[in-house]
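# Breakdown of the fold
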Amino acid sequence: MLVMAEKTSRAARPGALVSGLPGEDERFTNALRNTDMAALRQRVRSVRGCARPVWLSGSWSAQRFDGTAVAEYAGRIAVACGNRRVAVCESCAARYAGDAYQLVKAGLSGGKGVPEATAEHRRAFVTLTAPSFGPVHTRPTSPRGIPRSCRCGVTHSEHDPVLGTALDPDSYDYTGAVLFNAYAGALWHRFRMMLARLVAAAVGVRVSRASEVFRLSYAKVAEYQRRGLVHFHAVIRLDGPAGPGDPAPVGVDEQTLRELVLVAARRVAVPVEPTEHHAGYTLRWGEQIQVDSIEPTAPDGAEGQRLHDRRVASYIAKYATKGTETTSGADVRIRSEAHISHLEVSEHHRAMIRTAWRIGHRRWAHMLGFGGHFLTKSQYYSTTFTELRHVRAQHQRSAHLAELGIADTEAIELVSDWSFVGIGWANAAQRELAQAISHRHGHAQRTYDTARTDIDGSEHG
């Protein structure tokens, strides 16, 4: 990959590359006066509006294989942080969401190396929720969408921070809630195995020969509910044994696939052995399980509210970047029990973090016990993030070589030597200016905003 480089301005000195808190008005004004706006604007564009760019010092050169230098640069450059969380960097999260959208959609309708015939395979969109571990504050509505009162007797607004928190914290099963998050990945794995068994029975083959007849491919995303429990949204696709380019076997139509998914979700369970910190548990999915068909994408303007390829891909991409901000979780790992008391989180989620710490799930206490990836897929579902980034890097390389007057077909060797300098903009003034410039140029627009409404409706309590 050819790194986009630009000359360093006088205002951006290596010693200043430390992100600090906003200073006094006078210091803020002086920082603005000392900022080279043209250089700052160029830097913001080079990292696509990244909120916390990584600064590197060193050099690169483009050389022919006979050792002749075609172009070279020495100095400092900024590289986007690449964080996928909206709460950390909106711009980089938007790029990650865009890649997630392309990855999911390719597995639904083809493209990015996936055959277009994939759109004709049997597919289902599945939502698997968590069970109840005690009553929580909710916002029920009538069939006409009119809000009703909660069990506590109050009609909550949709932004009420009490939503999702325990009605009675003393009786709420925080241990069970944390264990469900911790073992959600294992429950998903058992669900996949059970579904494969059911499909094998439906097509009339032994489980041991299932891989010779069909393949179940998937892409799933984990989403936190307000009560702090994860649930999964997943695209499940039935392929032939060779993957997306191979027609699925007869005997399982879309209706049958949906029914088998529901049966598999109801049957599976994960036993958790008792320890000195908690009793034994048998963990299952919650009662609210939703299985829908996915329709092919209609022409623009004719899709309405149907569950089509683009809408599903947008929805999954949306939640691939959200992290824990909707649950009042923490963005960094907990280092001590005393640390928990100082977290800016709700008391409900503080109790989950404390419980995770107490029962031994300390590594993922800040994630309320969940230690899995937010977006995962099976091997044959579609392309990969690595491939998408490689293609983008090749495009950027070709564009930069063209700017230097070098033909893309010419054999060029890139030699780079970089060392870490710091992270973030020089001061609060530059951070705010960078954010403003980023929004003005549209760098931070979110690809997943095309998911116009939540597919699964309201939060489950």
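These figures come from a predicted structure and were not determined experimentally. (Residues numbered from 1 in each chain as written. Predicted model: local features only at pLDDT ≥ 70, side-chain atom pairs only at ≥ 80, totals over all residues. Heavy atoms only, no water.)

### Considerations on the side chain of Ser 314
Looking at the secondary structure, you find Ser 314 in helix 6 (residues 309-319). Ser 314 gets classed as buried once you look at its relative accessible area, which sits at 2%. (Helix = DSSP H or I, 4+ residues; strand = E, 2+ residues; numbered from the N terminus. Buried < 20%, exposed > 50% of the residue type's maximum accessible area, 1.4 Å probe, protein only.)

### Considering the sheet that holds strand 8 (residues 289-292)
Read from one edge to the other, the open sheet built from five strands follows the order 8-3-5-4-9, with strand pairing classed as antiparallel. Only two strands of the sheet have a single partner each, and these edge strands are strand 8 and strand 9 (375-377). For this sheet, the mean inter-axis angle between neighbouring strands, taken without regard to orientation, is 15°. Bridge count for strand 4 (residues 215-224) against strand 9 is three bridges, and the pairing is antiparallel. In the strand pairing of strand 9, Lys 220 is matched with Thr 376. (Pairing = 2+ DSSP bridges. Axes fitted to C-alpha atoms, helices over the stretch in contact; angles between N-to-C directions.)

### Regarding the pairing of strand 3 (residues 122-128)
Within strand 3, seven of the seven residues are buried, which leaves it mostly tucked inside the rest of the structure. Side chains Arg 122, Ala 124, Val 126 and Leu 128 of strand 3 all project onto a buried face; the interleaved residues Arg 123, Phe 125 and Thr 127 project onto the opposite face, where all are buried too. One ladder, built from seven bridges, connects strand 3 with strand 5 (residues 230-239); its direction is antiparallel. Bridged to Leu 128 within strand 5 is Phe 232. Of the strand pairs in this sheet, strand 3 and strand 8 are connected by four bridges, and their pairing is antiparallel.

### Describing helix 3 (residues 90-109)
Across its 20 residues, helix 3 extends 28 Å between first and last C-alpha, which sits within 8% of the 28 Å expected from 1.5 Å per residue. Summarising burial for helix 3: 16 of the 20 residues are buried, a large majority. (Expected span 1.5 Å × (residues − 1).)

### Regarding the state of the cysteines
By definition, a disulfide is the covalent link that joins the sulfur atoms of two cysteine residues. Within the structure shown, the criterion is met by zero disulfides. Cysteine Cys 92 is unpaired, with the sulfur of Cys 89 as its nearest cysteine sulfur at 3.6 Å. Since its relative accessible area comes to 9%, Cys 92 is described here as buried. (Disulfide = S-S within 2.5 Å.)

### What to know about the environment of Thr 118
Residue position: Thr 118 is located in the loop between helix 3 and strand 3. Judged by its relative accessible area of 0%, Thr 118 is buried. Residues Thr 118 and Gly 243, 125 residues apart in the sequence, show an inter-C-alpha distance of 9.2 Å. Setting aside residues no more than four positions away along its own chain, Thr 118 makes contact with Gly 107, Leu 108, Arg 123, Arg 237 and Pro 244. (Contact = heavy atoms within 4.5 Å.)

### Observations regarding the pairing of strand 1 (residues 54-63)
Note that strand 1 and strand 2 (residues 69-79) share 10 bridges and pair antiparallel. Each residue of the ladder has a partner; that of Ser 57, found in strand 2, is Arg 76. Strand direction decides the pairing type here: strand 1 and strand 10 (residues 413-423), joined by 10 bridges, are antiparallel. By the bridge assignment for strand 10, Gln 63 is matched with Glu 413.

### Section: the sheet that holds strand 2
The three strands lie next to each other as 2-1-10, forming an open sheet whose pairing is antiparallel. Both edges of this open sheet fall to strand 2 and strand 10, since each of them pairs with a single strand only. With direction set aside, neighbouring strand axes in the sheet form an average angle of 10°.

### Topic: helix 8 (residues 347-358)
Taking 1.5 Å per residue as the helical rise, helix 8 with its 12 residues ought to reach 16 Å, and the 16 Å between its terminal C-alpha atoms agrees with that figure. Where helix 8 is concerned, the buried positions are His 348, His 349, Arg 350, Met 352, Ile 353, Thr 355, Ala 356 and Trp 357. Buried positions along helix 8 lie against helix 4 (174-203) and helix 7 (337-341). Gly 360 occupies a position one or two residues after helix 8 and carries a positive phi of about 105°.

### Re unusual backbone geometry
For Arg 48, which is not a glycine, the phi torsion comes out positive at approximately 55°. Tracing the backbone shows Arg 48 in the loop between helix 2 (37-46) and strand 1. On the basis of relative accessibility, which here comes to 39%, the residue Arg 48 falls in the partly exposed class. A positive phi angle, close to 55°, is found at Lys 112, a residue other than glycine. One can find Lys 112 in the loop between helix 3 and strand 3.

### Side note on the nonpolar core
Counting residues in each nonpolar core, the largest one holds 64 residues, and the members touching the most others are Phe 191, Leu 195, Phe 214 and Trp 285. With 14 residues, the single largest contributor to this core is helix 4. In this view, Phe 191 contacts Leu 128, Ile 236, Val 261, Ala 264, Ala 265, Val 268 and Trp 285; residues no more than four positions away in its chain are not counted. Listed in part, the 24 residues of the second largest apolar core include Leu 103, Ala 219, Ile 316 and Ala 320. (Core = buried A, V, L, I, M, F, W, Y, C linked by side-chain atoms within 4.5 Å.)

### Points about the pattern of salt bridges
Once the charged atoms of two side chains with opposite charge are near each other, the side chains can pair. Inspection of every chain in the model, using the stated rule, returns six salt bridges. Between Glu 287 and Arg 266 there is a salt bridge; the shortest N-O distance is 3.8 Å. A residue pair is termed long-range when its members are at least 10 positions apart, and Glu 287 in the loop between strand 7 (281-283) and strand 8 and Arg 266 in helix 5 (residues 254-267) qualify at 21 residues. In this structure Arg 266 comes out as partly exposed when scored by relative accessible area, which is 40%. Arg 350 is the partner of Glu 347 in a salt bridge, and the nearest nitrogen-oxygen pair spans 3.2 Å. Of this pair, Glu 347 and Arg 350 both sit in helix 8, three residues apart, roughly one helical turn. (Salt bridge = Lys/Arg side-chain N within 4 Å of Asp/Glu carboxyl O.)

### Here we look at the packing of aromatic side chains
Applying the stated criterion to the full structure yields 15 aromatic pairs. For the ring pair Phe 180 and Trp 285, a centre distance of 6.1 Å and an interplane angle of 75° mean the geometry is edge-to-face. Pair noted here: Phe 180 is in helix 4 and Trp 285 is in the loop between strand 7 and strand 8, with a separation of 105 residues, a long-range link. The class for Phe 180 is buried, based on a relative accessible area of 1%. Note on Trp 285: relative accessible area 5%, which makes it buried. Here the basic side chain of Lys 220 rests over the ring of Trp 188, its NZ or CZ set 5.6 Å away from the ring centre. (Phe/Tyr/Trp six-rings, centres within 6.5 Å; stacked < 30°, edge-to-face > 60°. Lys NZ or Arg CZ within 6 Å of the ring centre and 35° of its normal.)

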